[in-house]
Amino acid sequence: MLTVEGATVRYGRFEALAGVQWSVGTGESTVTALLGPSGCGKSTLLRAVAGLEPLAAGSICWDGVDLATTAPHRRDFGVVFQDGQLFPGRTVAQNIAYGLARRHVRGRAAADRVAEMLRLVQLDGFGDRPVSALSGGQAQRVALARALAPRPRLLLLDEPLAALDSQLRESLAEAIGDIVRRAGTPTVLVTHDHREAALVADTVSVMRDGDIVQTDTASRLWRRPVDEETARFLGARASVPGTVRDGVLTTALGDARLTGSADFGELRDGPCTVALRPEAVSVRPDPEGDAVVEHAAALVAGWRVRIRMGDEVFECVGDRPVRPGARVRPTLEPGAVAVIGR
Ligand SMILES: Nc1ncnc2c1ncn2[C@@H]1O[C@H](COP(=O)(O)OP(=O)(O)OP(=O)(O)O)[C@@H](O)[C@H]1O
């Protein structure tokens, strides 16, 4: 298990990591996403774990052993960066075998392991290809196979899908999750995309301004973001005051029974702040409704509707066309609302 305690990294006077506390590889969780906006320090934390960035303070331990004096290549961590960084003049198989030779796995044993890795990343038959003849997605799968071949105790993936188009990203994100679970290798995936984090990870750690602000399952993160900034980063567009009583949330936009989700299990009665993604509020035409439509646009399924209620404006969804100026009634969707805080 990886334990990061008080990890601090400074570039000159700028503190890129501000005393990070973090654990990876606990319990049933195989994949941890390290999620946060650009510049929050994700890569710096990953590089520090890999031994590529010296700590100004704090420690990074594996199973209780401090790695401060362990060189990067002796940490037994596999690393994949955004662009894979394959060795250009070599074949796919030679790339995958690279880390094996350094571990004195050669000959038949190395060839078997390379074949096993090619099967794992579904590139059987690609061993003799030069890596220059691969697509972007294939190249990243080779990079993954190369990192997994020496059986690292931890795999560190720094935005491995960032250079790929969105459709490929989604399918490859799922494939990465399957591959590392089959290999049984605890994995950290750096991403700034919360959808990608939710697709792949068992656990998501949200990072901001050089610190980790929340670690939870994706489902709990959606429903119980630790603060408003985290909720906004996860797609919330607005927040409203609410009250919880006996599992029912009441807001100016309607009520929602929250007892259906374990993520709301320990919610205490009393006032709260509710974060609203557009999907959390649906509207239907109603001449008696409290809200007026400002704008409506067709989505692939349904409508995105902007409404005004008094001084406040909310993004909502609807299942039928509504015209600007029309009156509508909002309803809260219990499966999509988020209640901020612990
Ligand atoms: N070598 C460096 N010298 C000075 N500042 C740096 C250096 N590397 C990173 N930084 C700064 O540290 C902060 C964290 O950078 P880092 O690359 O870890 O962020 P990130 O969350 O991975 O961002 P992105 O998603 O854009 O890659 C940024 O403000 C960055 O400008």
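Keep in mind it's a predicted model, so treat the numbers as computed, not measured. Throughout this description, residue numbers start from 1 for each chain and increase along the sequence as written. Thresholds applied to this predicted model are a pLDDT of at least 70 for local features of residues and 80 or more for the giving and counting of side-chain atom pairs; totals over whole chains, interfaces and linings are not thresholded and use all residues.

**Considerations on the overall build of the protein**
Here's step 1: The secondary structure listing takes helices from DSSP runs of H or I that are at least 4 residues long and strands from runs of E that are at least 2 residues long, numbered from the N terminus. Helix and strand counts for the protein come out as eight helices and 20 strands.
Here's step 2: Counting only C-alpha atoms and orienting by the principal axes, one finds that the protein spans roughly 80 × 45 × 40 Å.
Here's step 3: Think of it as a crowd count around each C-beta: if 20 or more other C-beta atoms lie within 10 Å the residue is buried, if 12 or fewer it is exposed, and in between it is partly exposed, with C-beta placed from the backbone throughout. Relative to its 342 residues, the protein shows a buried fraction of 39%.

**Digging into the confidence of the model for the protein**
Here's step 1: You can read pLDDT as the predictor saying how much it trusts each residue, on a scale of 0 to 100. Per-residue pLDDT for the protein has a mean of 92; in total, 99% of the residues score no lower than 70.
Here's step 2: By mean pLDDT, the top-scoring element of the protein is strand 4 (residues 57-62) (97), and the lowest-scoring one is helix 5 (residues 166-183) (85).
Here's step 3: Scoring of the predicted complex yields 0.90 for pTM and 0.95 for ipTM.

**Quick notes on unusual backbone geometry**
Here's step 1: Here Glu159, not a glycine, exhibits a phi torsion of approximately 45°, which is positive.
Here's step 2: Along the chain, the position of Glu159 falls in the loop between strand 7 (154-158) and helix 5.

**Some points on the sheet that holds strand 12 (residues 248-251)**
Here's step 1: On the basis of which strands lie adjacent, the open sheet formed by five strands has the order 13-12-11-14-20 and antiparallel pairing. Only two strands of the sheet have a single partner each, and these edge strands are strand 13 (254-257) and strand 20 (338-339). Strand pairing is assigned whenever DSSP identifies at least 2 bridges connecting the two strands.

**Some thoughts on the site of the ligand**
Here's step 1: What surrounds the ligand is the set Tyr11, Phe14, Ala16, Gly36, Ser38, Gly39, Cys40, Gly41, Lys42, Ser43, Thr44 and His192.
Here's step 2: Of all the secondary structure elements, the ones that give two or more residues to the shell around the ligand are strand 2 (14-24) and helix 1 (42-50).
Here's step 3: Ranked by the residues each element gives to the shell around the ligand, the list is headed by helix 1, at three residues. Nearness here is judged by the C-beta atom: place it from the backbone, and if it falls within 6 Å of a molecule or strand, the residue counts as near that partner.

**So, the pairing of strand 14 (residues 270-276)**
Consecutive side chains along a regular strand alternate between the two faces of the sheet.
Here's step 1: In terms of strand pairing, strand 11 (residues 238-245) meets strand 14 through seven bridges, oriented antiparallel. Looking at the pairing, Val240 lines up with Val274 of strand 14.
Here's step 2: Relative to strand 20, strand 14 runs antiparallel, the two sharing two bridges. Considered in strand 20, the bridge of Val274 is made with Val339.

**Examining the packing of helix 4 (residues 136-148) against helix 5**
Here's step 1: Angles here are taken between N-to-C directions and fall from 0 to 180 degrees, while the axes themselves are lines fitted to C-alpha atoms, restricted in helices to the stretch in contact. In contact at an axis separation of 11 Å, helix 4 and helix 5 are set at 15° when each is read in the N-to-C sense. By the angle between their axes, helix 4 is roughly parallel relative to helix 5. Of the two possible hands of crossing, helix 4 and helix 5 adopt the one that is right-handed. Here Gly137, Gln140, Leu144 and Leu148 of helix 4 lie close against helix 5, whose contacting residues are Leu168, Leu172, Ile176, Ile179 and Ala183.
Here's step 2: Its residues placed into classes, the contact of helix 4 with helix 5 shows seven nonpolar, two polar and no charged. Under this scheme an angle from 65 to 115 degrees is roughly perpendicular, one under 35 degrees roughly parallel, and one over 145 degrees roughly antiparallel; angles in between are oblique. Crossing handedness is read from the near helix: turned anticlockwise from the far helix by less than a right angle, it gives a left-handed crossing, and turned clockwise, a right-handed one. Contact between two residues is assigned whenever their backbone-derived C-beta positions fall within 7 Å. Classes in brief: Ala, Val, Leu, Ile, Met, Phe, Trp, Tyr, Cys and Pro nonpolar; Asp, Glu, Lys and Arg charged; the others, Gly included, polar.

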